[in-house]
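So you can see what is in the structure, the chains are spelled out below.
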Amino acid sequence: VQLQASGGGLVQAGGSLRLSCAASGRTFSSYAMGWFRQAPGKEREFVAGISWNGGNTYYADSVKGRFTISRDNTKNTVYLQMNSLKPEDTAVYYCAAKWGLYIVVVTTTSHQYDYWGQGTQVTVSS
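**Concerning the sheet that holds strand β7 (residues 67–72)**
- Overall, antiparallel pairing links the four strands, which are arranged β1-β3-β8-β7 in an open sheet. Since the sheet does not close on itself, it has two edges, and those belong to β1 (3–6) and β7, each with one partner. Going across the sheet, the axis of each strand differs from the next one's by a mean of 15°, ignoring polarity.
- Bridge count between strand β3 (residues 17–23) and strand β8 (residues 77–82): six bridges; the pairing is antiparallel. Bridge pairing in β8 places L17 opposite M82.

**Here's the deal with the packing of aromatic side chains**
- Under the counting rule described, the total for this entry stands at eight aromatic pairs.
- Relative to W99, the ring of Y31 lies with its centre 5.3 Å away and its plane at 85°, an arrangement referred to as edge-to-face. Here W99 lies in strand β9 (residues 91–99) and Y31 lies in strand β4 (residues 31–38), a separation of 68 residues in the sequence.
- Take W99: its relative accessible area is 45%, and that puts it in the partly exposed class.
- Grouped by ring-pair contacts, the aromatic residues F36, F46, Y58, Y113 and W116 constitute a single cluster.
- Of note, R44 hangs over the ring of Y94, and the distance from its end group to the ring centre comes to 4.0 Å.

**Regarding the state of the cysteines**
- One pass over the structure, following the stated rule, counts one disulfide.
- Covalent S-S linkage joins C21 and C95, the inter-sulfur distance amounting to 2.1 Å. Because the torsion about its S-S bond is 65°, the bridge between C21 and C95 counts as right-handed. Residue C21 is located in strand β3, and its partner C95 is located in strand β9; the two are separated by 74 residues in the primary sequence. When sorted by exposure, C21 lands in the same class as C95, which is buried.

**A look at the pattern of salt bridges**
- In the structure shown here, the tally under the stated rule is four salt bridges.
- The salt bridge involving R37 is made with D89; its shortest N-O contact spans 2.9 Å. Placement of the pair is R37 in strand β4 and D89 in the loop between β8 and β9, with a sequence separation of 52 residues. For the pair formed by R37 and D89, the shared burial category is buried.

**As for the side chain of S51**
- Structurally, S51 can be placed in the loop between β5 (45–50) and β6 (57–59).
- Residue classification places S51 among the buried residues on the basis of a relative accessible area of 1%.
- Contact partners of S51, with chain neighbours within four places excluded, come to A32, N56, R71, I103, V104 and V106.

What counts as what
- Residues numbered from 1 in each chain as written.
- Predicted model: local features only at pLDDT ≥ 70, side-chain atom pairs only at ≥ 80, totals over all residues.
- Heavy atoms only, no water.
- Pairing = 2+ DSSP bridges.
- Helix = DSSP H or I, 4+ residues; strand = E, 2+ residues; numbered from the N terminus.
- Axes fitted to C-alpha atoms, helices over the stretch in contact; angles between N-to-C directions.
- Phe/Tyr/Trp six-rings, centres within 6.5 Å; stacked < 30°, edge-to-face > 60°.
- Buried < 20%, exposed > 50% of the residue type's maximum accessible area, 1.4 Å probe, protein only.
- Lys NZ or Arg CZ within 6 Å of the ring centre and 35° of its normal.
- Disulfide = S-S within 2.5 Å.
- Salt bridge = Lys/Arg side-chain N within 4 Å of Asp/Glu carboxyl O.
- Contact = heavy atoms within 4.5 Å.

Put into structure tokens, the structure is as follows:
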């Protein structure tokens, strides 16, 4: 699986962005997907995850109520809608995939994901 993230940019605090992650291959619907982020000088952290069929989602406390993860298996794409952005959301955002057919639990640990996109920069100005 190859992943291509896009949609990052510069936005003012309180604004919105939508990230997209397009996947190659015909088995996208068998993979659970996650979004992670890494700010300068910090470790990569889990942001949001979604199960193989979109039936389950999970969010980090820091983004709950502001971010929404979704997927369109007909387009092999996962999205991250980010609203009410804060300067502390500034980071490089990565999408990731792990085999997860029929698995309902959303994985939050980065080392359990098998495939990673190249990252897209999100910068929120105050």
